[in-house]
Amino acid sequence: MRTTLFVGALALLAIGCGSDDEEYEPTGTGPAARVFCDSSGKNAFDTYGTNGFVAVNEEIFELTTAELTANGDANLGSSFSGVADFARFKGRLAAFLVFVYGGPDTITYTDGVSYTATDQDMTAAHTGMGITSAQYDYFVTNIIVPALTTSGVTADDVSSCFAPPVTDATFKASIVGK
Ligand code: HEM
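Residues numbered from 1 in each chain as written. Predicted model: local features only at pLDDT ≥ 70, side-chain atom pairs only at ≥ 80, totals over all residues. Heavy atoms only, no water.

Trainee: What is the right way to read the coordination of the iron atom of the ligand from this model?
Mentor: Geometry sets the ideal angles at a metal, namely 109.5 degrees for four tetrahedral donors and 90 or 180 degrees for six octahedral donors. Counting protein donors to the iron atom of the ligand gives just one, His 126 (NE2), placed at 2.1 Å. Within the secondary structure layout, His 126 lies in helix α3 (residues 122-126). (Donors = N, O, S within 2.8 Å, 3.2 Å for Na, K, Ca; no water. Helix = DSSP H or I, 4+ residues; strand = E, 2+ residues; numbered from the N terminus.)

This is the structure:
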């Protein structure tokens, strides 16, 4: 199954990213199908490619590190301090994003390791972290959206391709409060 997802601002939720034949159908636990975006007429992986997704993924970790350095746990909580293997986390997030936004199920990341998205479960991945709604929204608005825009993703694609899946209430509920 091919899919699509990434990130965006909550305010952009109402903007559609339509697909004639494969609408986004959140499962609540993992990546969900979403391929074409009205803004470009193709999926985001076809638009931005491997290099684009690597750039965004790396920027997400750069911005997260900067946020934690600047503000500690104030906005994102303490869950990141429990990560045992950041290389794996980075590769797994990259695989997730590539898959959700129309790329292959499995990728080889910059560390040369193969990572897959299809065995990922967002509820299982975030259980025990107690992530709040505010932390989730902060992450989307202050980490994901800036990571996209500074990596060259157009505003139209942020709002119509990347935002809807992660601002979907069911998807958010699969991560928050677990
Ligand atoms: C748009 C919202 C989010 C998405 C798409 C997302 C995606 C992911 C993915 C794909 C993984 C790896 C799952 C796996 O290895 O099976 C993960 C793990 C994790 N996420 Fe999230 N996440 C989101 C929100 C958040 C938020 C808001 C926080 C904290 C404030 C957070 C903290 C973590 C942590 C600490 C891990 C575990 C890393 C590890 O130990 O390997 N996530 N997330």
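Trainee: Looking at this model, I keep getting lost on helix α1 (residues 44-71). Mind explaining?
Mentor: One turn of the α-helix equals 3.6 residues, which is why residues spaced by three or four share an orientation. The end-to-end C-alpha distance of α1, which contains 28 residues, comes to just 32 Å, noticeably less than the 40 Å that a straight helix rising 1.5 Å per residue would cover. A maximum bend of about 75 degrees is found in α1 at Thr 50. Listing the buried residues of α1 in full gives Ala 44, Phe 45, Tyr 48, Gly 49, Gly 52, Phe 53, Val 56, Asn 57, Ile 60, Phe 61, Thr 64 and Glu 67. Of the residues flanking the end of α1, it is Gly 72, one or two places downstream, whose phi is positive at about 60 degrees. (Expected span 1.5 Å × (residues − 1). Bend = angle between axes of the 7 residues up to and from the residue. Buried < 20%, exposed > 50% of the residue type's maximum accessible area, 1.4 Å probe, protein only.)

Trainee: For this particular structure, what's the right way to read the site of the ligand?
Mentor: In the vicinity of the ligand lie 22 residues, with Leu 76, Phe 89, Arg 92, Gln 120 and His 126 positioned nearest. Arg 92 is positioned such that a nitrogen or oxygen atom in its side chain is 2.8 Å from an oxygen atom of the ligand. His 126 is positioned with one of its side-chain polar atoms (N or O) 2.8 Å from a nitrogen atom of the ligand. For the shell around the ligand, the per-class residue count stands at 16 nonpolar, 4 polar and 2 charged. (Near = heavy atom within 4 Å. Polar contact = N/O pair within 3.5 Å; in protein donor to acceptor, adjacent residues only side chain to side chain. Nonpolar A, V, L, I, M, F, W, Y, C, P; charged D, E, K, R; others polar.)

Trainee: Even after reading the chapter, I still don't get helix α4 (residues 133-150), so can you show me in this structure?
Mentor: The terminal C-alpha atoms of α4 lie 25 Å apart, and with 18 residues this matches the ideal 26 Å at 1.5 Å per residue to within 8%. Along α4, the sharpest change in direction is near 30 degrees and occurs at Val 140. Among the residues of α4, those classed as buried are Gln 135, Tyr 136, Val 140, Ile 143, Ile 144, Val 145, Ala 147 and Leu 148. Elements that come into contact with the buried residues of α4 comprise α1, α5 (155-167) and α6 (169-173). Phi turns positive, to about 100 degrees, at Gly 152, one or two residues after α4. (Contact = heavy atoms within 4.5 Å.)

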